[in-house]
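Read off the chains here:
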Amino acid sequence: MKEIAAAIAASFAALGASIGNGLVISKTMESMARQPEISGDLRATMFIGVGLIEAVPIIAIAIAFVILFV
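Residues numbered from 1 in each chain as written. Predicted model: local features only at pLDDT ≥ 70, side-chain atom pairs only at ≥ 80, totals over all residues. Heavy atoms only, no water.

- The protein is annotated in an unreviewed UniProt entry as ATP synthase subunit c.
- Heading Sequence similarities (unreviewed entry) of the UniProt record for the protein holds this comment: "Belongs to the ATPase C chain family." (UniProt positions renumbered as here; feature names shortened; annotations may be inferred.)

Right, dumping it as structure tokens:
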């Protein structure tokens, strides 16, 4: 049962992060196309956002390891 719980936690975190990254990147590209003069600021903000989104699956993997080995 622990293995199933860990797999569910990791898979939903990966799914959510991939959807979130796709939305952030697509909206940033759309904004860059509309206002190319602020593309540098948008790119920096996008990288911060993607980094924060990627923290979620990393935490979920840590929780999955805790579920498995504790």
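Text resumes after the structure shown.
Thoughts on the environment of Ile58
Okay, step 1: Its place among the elements puts Ile58 in helix α2 (residues 39–69).
Okay, step 2: When its relative accessible area of 61% is taken as the criterion, Ile58 is described as exposed.
Okay, step 3: A sequence separation of 31 residues divides Ile58 from Lys27, and the C-alpha atoms of the two residues are 24 Å apart. (Helix = DSSP H or I, 4+ residues; strand = E, 2+ residues; numbered from the N terminus. Buried < 20%, exposed > 50% of the residue type's maximum accessible area, 1.4 Å probe, protein only.)

Looking at the pattern of salt bridges
Okay, step 1: In the structure shown here, the tally under the stated rule is two salt bridges.
Okay, step 2: A salt bridge links Lys27 to Glu30; the shortest N-O distance between them is 3.9 Å. One end of the pair is Lys27 and the other is Glu30, both in helix α1 (residues 2–34) and three residues apart, which spans about a single turn.
Okay, step 3: Residue class for Glu30 comes out partly exposed when judged on its relative accessible area of 36%.
Okay, step 4: The shortest N-O distance in the salt bridge between Glu30 and Arg34 comes to 3.2 Å. Note that Glu30 and Arg34 are positioned in helix α1 at a spacing of four residues, about one turn of the helix.
Okay, step 5: Here the salt bridges do not stand alone but share partners, grouping Lys27, Glu30 and Arg34 into one network. (Salt bridge = Lys/Arg side-chain N within 4 Å of Asp/Glu carboxyl O.)

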